[in-house]
Amino acid sequence: MTDPTPEPSPEPEGQNTPQIPPAPAGPEAPEVDPQEILKAISAANLAAIDADIESAFGAKMAELDKMLEGLDDLVNKIESDIQNLDQPKPDGPQ
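Residues numbered from 1 in each chain as written. Predicted model: local features only at pLDDT ≥ 70, side-chain atom pairs only at ≥ 80, totals over all residues. Heavy atoms only, no water.

Caption draft 1: Just the overall build of the protein, in detail. Within the protein, the secondary structure is distributed over two helices and zero strands. Per-residue burial for the protein yields a buried fraction of 0% across its 94 residues. Roughly 9,600 Å² of accessible area belongs to the protein as shown, and the carbon and sulfur atoms make up 59% of that amount. (Helix = DSSP H or I, 4+ residues; strand = E, 2+ residues; numbered from the N terminus. Buried < 20%, exposed > 50% of the residue type's maximum accessible area, 1.4 Å probe, protein only. Areas by Shrake-Rupley, 256 points an atom, 1.4 Å probe, with all protein chains shown as cover.)

Caption draft 2: Focus on the pattern of salt bridges. Taken as a whole, this structure holds two salt bridges when the rule is applied. Among the ionic pairs, Glu-63 bridges to Lys-60, the shortest N-O distance being 3.8 Å. Taken together, the residues span about one helical turn, with Glu-63 and Lys-60 both in helix H2 (residues 46-86) at a distance of three residues. According to the relative accessible area criterion, Glu-63 is partly exposed, its value standing at 42%. A relative accessible area of 55% means that Lys-60 is categorised as exposed. (Salt bridge = Lys/Arg side-chain N within 4 Å of Asp/Glu carboxyl O.)

Caption draft 3: Representation of a negative patch on the surface. Taken together, the side chains of Asp-65, Glu-69, Asp-72 and Asp-73 define an acidic patch exposed on the protein surface. Looking at the element boundaries, Asp-73 is found in helix H2. (Patch = residues over 30% accessible without salt bridge, like charges linked within 9 Å, V, L, I, M, F, W, Y side chains within 5 Å. Lys, Arg positive; Asp, Glu negative; His and termini not counted. Charge placed at Lys NZ, Arg CZ, Asp CG, Glu CD.)

Interpretation in functional terms is not warranted from these geometric data alone.
Have a look at this one:
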């Protein structure tokens, strides 16, 4: 005798469940004018968007430069410590 295949359970409701309300359908759905969409797209100031991207990129690059400086300092310190370990210690009083 074979076991019946269980029915798939409904989607669990939790954090990962999308909480997007359904779009209105039928007569209550608003008409979308293609000209209005084109106006909205053309109204987006690409120069301002580009400037925002450049600003964010510049800030991240400055942060990266600071991190690299700190890394260089750390490498120099470690190299100095290694050189100090490699040098023979002076003989103490005998």
